[in-house]
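# Coordinate inspection notes
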Amino acid sequence: MNNKGNKLLIIVAVLLFCIICFFIYYFFFSSLNKNSIEYYNPRSMVEGYVESLINKDYKKAIKYIYLPDNSYVNSKDFEEYIKTKYYYGIIDKMKITSIIEEEPTLFNIVLNDNKDNTLKISINLIERTINDYRIDESDIYITDYMFSVPKNTNVFIDNYEVRKELLVRTSNDDDIYLIPAIGAFKKTFKLVNKLSTKETDVIPSNSNDIIKFNVELNNDELKDKAYSFIKNMWNNMYSGYSKKDDVSNYMKYFDESFDESNVKYYYSKSFKKISTGLTSIGKFQNYKITNIVDNLEEPSLIISDELINVSFGYTLSWKWKFNGANSAVKMSMNRYSSIVLKIQDDSFVVYEVPDVGLFNYTSQYTRDF
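Residues numbered from 1 in each chain as written. Predicted model: local features only at pLDDT ≥ 70, side-chain atom pairs only at ≥ 80, totals over all residues. Heavy atoms only, no water.

### As for the packing of aromatic side chains
Stated precisely, the cut-off is as follows: Each aromatic pair joins two rings of Phe, Tyr and Trp (for Trp, the six-membered one) with centres within 6.5 Å, and gets the label stacked for planes under 30 degrees apart, edge-to-face for over 60, and tilted for any other angle. Secondary structure follows DSSP: runs of H or I at least 4 residues long count as helices, runs of E at least 2 residues long count as strands, and numbering of each begins at the N terminus. Burial classification: accessible surface area is computed with a 1.4 Å probe over protein chains only, and a residue below 20% of its type maximum counts as buried, one above 50% as exposed, and the rest as partly exposed. Any Lys NZ or Arg CZ found within 6 Å of a ring centre and within 35 degrees of that ring's normal is scored as a charge over the ring.
For the structure on display, the rule yields 32 aromatic pairs. Pairing Phe 229 with Phe 348 gives two aromatic rings, centres 5.9 Å apart and planes at 50°, and the pair type is tilted. Here Phe 229, found in helix H5 (residues 220–242), pairs with Phe 348, found in strand S19 (residues 347–352); they are 119 residues apart in sequence, far enough to count as distant. Overall, the relative accessible area of 6% leaves Phe 348 in the buried class. A centroid spacing of 6.1 Å and a plane angle of 90° characterise the contact between Tyr 241 and Tyr 267, whose relative ring orientation is edge-to-face. You can see Tyr 241 sitting in helix H5 and its partner Tyr 267 sitting in helix H6 (residues 260–275), a full 26 residues away along the chain. The exposure class assigned to Tyr 241 is partly exposed, which follows from its relative accessible area of 22%. Overall, the relative accessible area of 3% leaves Tyr 267 in the buried class. Positioned above the aromatic ring of Tyr 39, the side-chain terminus of Arg 134 is 3.7 Å from the ring centre.

Take a look at the structure:
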C-alpha cells in the first residue's frame, strides 16, 4: 500500500475515534446533567425536590435541603422527618400539576392523583450565596448541640467520626464538642478510648445544657488491679504511720501534683484522728482494709484515657484496746467511697481524693452494704 493509502486510513481512524469520543462524552455527561441538581435555579430546585419525595428517594432529597457546615444529618434523619409531614402517606400517589412562585424564595406546589384529589405544599428556599439555593427544612436538625466526653476519647455519630476541629474546650477531665447541626432524631453515639468503648442511643433536643456522656469502667481486670492498689496503699500507709515512718516514704503512692503537706493531711492528721480513743481509758488501733467490692449503686467511671474514678465499697477492721488489758475488742464497718487514680505504667497513683473520709472516718455502726 502506498503512502497516500496509509494517510487515508489514518484520517479515517482518527475520525472514527473522535466520533466514538463524542458519543461517550454526550451520553455520559447528558446522564450526569439529567441527575444533577440545578442549585442556581429555584423553580428547578423545587420541582426536583418534590419529585424526590414522590419517588421516596431520600438520599437524593437530602441533597436539596440547607444544612450548616459540619452537620451530622443523614438520609435516615430525613426519612424520619418526612414521616412527620401531613403529606407523607399520600404524596407518592401524586403528580405535580403546577408550580406557583409566590416570592423569589417561596413556591406553592399543586399535586393531583388519578382521582383528581389535590395536594398543596408550600416550600421555602434559602439563598446560601448569590444564585445558590437550598430548600429550607430546618426542623430536621438541632443547632449548636454541645456534649462532653472523657478526655482523649474518639466520638462517632452514626458511624461517622466527629472531627477534632469541633472540639471547643478541653480540661483534665473531659473534652467538649460543639456540633453546628445534628439530626433531631435517634442518633447512635459511639465513644472509643484505650480503656473502653461505649455505644448509646440519644434523641438530640434543644437545650442550653452540655450533654455529658459518661463511660463506665467495665474492664474487670483493670478494676481489680485498682482495688488491690487502694487496699495496699491504705494498709501500707497506716502501717507506716503506726511505726512512725516519715511521710516521704509514701509519696510514691500519689501523683506529682501532690506536695508533702497534702499527703501529710491523710497520713498524719487523718490517721491520728481515727486512732485516738474516746477517753483516756483506751485506744483504737490495728486498722486494716480487709475487703473491697463493687459499688452497685454508683459505677466506676473513665475520666480520660489515663484517669479513672473508682467507686467502691470497703470493709475496714480495727480493734479497741483498753489500757492495761490483754485482749482487744474487734470492730469493723462497711462503707462506700471513691478515689481518682491515674494509670502509671502497670500500676496507679492517687490523682484526687474526693472522699477524705476514706482516711479519717470510722464507725462500727456504718453499714453501707
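Alright, that's what it looks like, and here's the rest.
### Overview of the sheet that holds strand S4 (residues 118–129)
Note the threshold: For two strands to pair, DSSP has to find at least two bridges joining them. Between N-to-C directions, angles cover 0 to 180 degrees, with each direction set by a line fitted to C-alpha atoms, over the stretch in contact for helices. What makes two residues a contact is simply this: any of their non-hydrogen atoms within 4.5 Å.
Taken in spatial order, the four strands make up an open sheet running S2-S3-S4-S5, and their pairing is antiparallel. Each edge of the open sheet carries a strand with a single partner, namely strand S2 (95–103) and strand S5 (132–135). With strand direction ignored, the average angle separating the axes of adjacent strands in the sheet is 30°. Of the strand pairs in this sheet, S4 and S5 are connected by four bridges, and their pairing is antiparallel. Bridging from a neighbouring strand, Thr 129 pairs with Asp 132 of S5. Docked against the sheet, helix H2 (residues 42–54) engages S2, strand S3 (106–112), S4 and S5, running at close to 140° with respect to S2.

### Examining the sheet that holds strand S7 (residues 154–157)
As summarised here, the arrangement of the four strands in space is S8-S7-S11-S12, forming an open sheet in which the pairing is antiparallel. Edge positions in the open sheet fall to strand S8 (160–161) and strand S12 (197–202), since each of these has one partner strand only. With two bridges connecting them, S7 and S8 associate as antiparallel partners. Across the sheet, Phe 156 pairs through a bridge with Glu 161, a residue of S8.

Take it as geometry only, folks, not as evidence of what the structure does.
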